[in-house]
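# Descriptive analysis of the structure
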Amino acid sequence: MNFAARITGTGSAFPKNRVTNDDIVQKLAGLGVTTSDQWIRERTGICERRISDNGNPSEYNSSLGLSAAQNALEMAGKTADEINQIIYATCSPDTPLPSSACWLQHKINADNAWGMDINAACSGFIYGLSTAEKFIRTGQVKTALVVGAEVLNPIIDWEDRNSCILFGDGAGAVVVERVHSSSSHRIIDSRLRSDGHLWELLHIPAGGSNMELTPERYARKLNKIKMKGKEIFKIAVKTLCDFAQNLLRKNQLTPEDLDWFVPHQANRRIIEAVANRLQLPMEKVLVNVDRYGNTSSATIPTVLDEAIRDGRIKSGQTILLDAFGAGLTYGAMLIRW
Ligand code: UT7
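What comes next concerns the included structure. Along each chain, numbering runs from 1 in the same order as the chain's sequence is written. Reporting of local features is limited, given that this is a predicted model, to residues whose pLDDT is at least 70; pairs of side-chain atoms are given and counted only at 80 or more, and all residues count toward the totals for whole chains, interfaces and linings. With hydrogens and water set aside, each side-chain value is computed from the structure's full complement of heavy atoms.

## Re the pairing of strand S6 (residues 143-150)
Across a regular strand the side chains alternate sides, sitting on one face of the sheet and then on the other. In plain terms, the rule: Between buried and exposed lies partly exposed: a residue is buried under 20% and exposed over 50% of the maximum accessible area for its type, with that area taken using a 1.4 Å probe on protein chains only. Where helices and strands are cited, they refer to DSSP runs of H or I of at least four residues and of E of at least two residues respectively, numbered from the N terminus. In this scheme, strands are said to pair when DSSP sees at least two bridges between them.
Burial within S6 is extensive, with eight of its eight residues counted as buried. The pairing of strand S4 (residues 85-89) with S6 spans five bridges and is classified as parallel. Within the sheet, the bridge partner assigned to Tyr88 lies in S6 and is Val147. Where S6 lies against strand S7 (residues 170-180), eight bridges are found, and the strand directions are antiparallel. Paired with Thr143 across the strands is Glu177, a residue of S7.

Okay, here's the thing in structure tokens:
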């Protein structure tokens, strides 16, 4: 049994509501907080993001995940009953229970699958894809669906200008299938790590079992994202570079061998700094942070889907995915498309 895993379909979905920087400037002004389109563009590269209508069931996290999954299945030429496994990466599920994977299974009728969630924040999609790849390689799963989806707006503190300008909602999905290990089109390798000592840099204090959400804690916004942006920025640049270089070296490759670099879309300045350190021209770097902001686990599958659908990514090309996120978590993956 010599199996490998290959991505055969990709898809994405976003909420309808397009929120520009000027919309945010106005929203924050109403709360007595100052920001500007110029500051957001210059410091983050973000021009707009999509925000879900939380009262609309078609824009729930699992509904965006469903649309993305349907698009990916269509590209792969697969039906939902052919899926054996659903891995759903999210830190903003519809409900604490059941899992988003089960919500998606219910909505898409993937009756021959089992599913689970992965919460590795912005690294979640790479964690999920790496997990699916192991199940496929060991022969336990033939076809997997890996989703990265977020509806972050309810956990954003709209009075914290340091963080609220960054995030957006959206979903990306891929279908992963078993191929023979001699296939050149496959997931080549991945590298995962986390550093729980750095939990405080990006966390939500309340709403879990150690700090139940009470009206007083709600009023203090303890159910919202607390972020130390400057510290994360420095660590992100260093670890994204280290992870990329390590994984390339382990596979006897150099940045020059890459056709595409697909970093987590947190801030265009982080992406440019990493590309610069890896000596990769920006023409080889996929970017959608300008239009969607930071959609956490959805950034990598959505930007990948975009470049596959518009023909930039071509058969046989070598692609490096690279992410970091709350935890802190880190992950990189090499793919031959
Ligand atoms: O998926 C992982 C999630 N998180 C990240 O990746 C975050 C990574 N970090 C970042 O993206 C950046 O650090 C931020 C965008 C969060 C902040 O950018 P920065 O260039 O590191 O700004 P800074 O924190 O050094 O702040 C510079 C100034 C400060 O004013 P003073 O103290 O110099 O007067 C801030 O108060 O900019 C001010 N500032 C703002 N001004 C206008 C911070 N946020 C804003 C804002 N509008 N939205």
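Okay, back to it.
## Considerations on the environment of Arg309
As a reminder, the rule being used: Whether two residues are in contact is decided by their heavy atoms: any pair within 4.5 Å suffices. N or O atoms closer than or at 3.5 Å make up a polar contact, with two conditions inside protein: a donor-capable atom paired with an acceptor-capable one, and, for residues adjacent in sequence, both atoms drawn from side chains.
Mapped onto the secondary structure, Arg309 falls in helix H11 (residues 299-309). Overall, Arg309 belongs to the partly exposed group, its relative accessible area being 45%. Separated by 203 residues in sequence, Arg309 and His106 have C-alpha atoms that sit 28 Å apart. The contacts of Arg309, once residues within four sequence positions are left out, are Thr10, Gly11, Asn71, Ala72 and Met75. Side-chain polar atoms of Arg309 contact the side chain of Asp305, separated by 2.7 Å.

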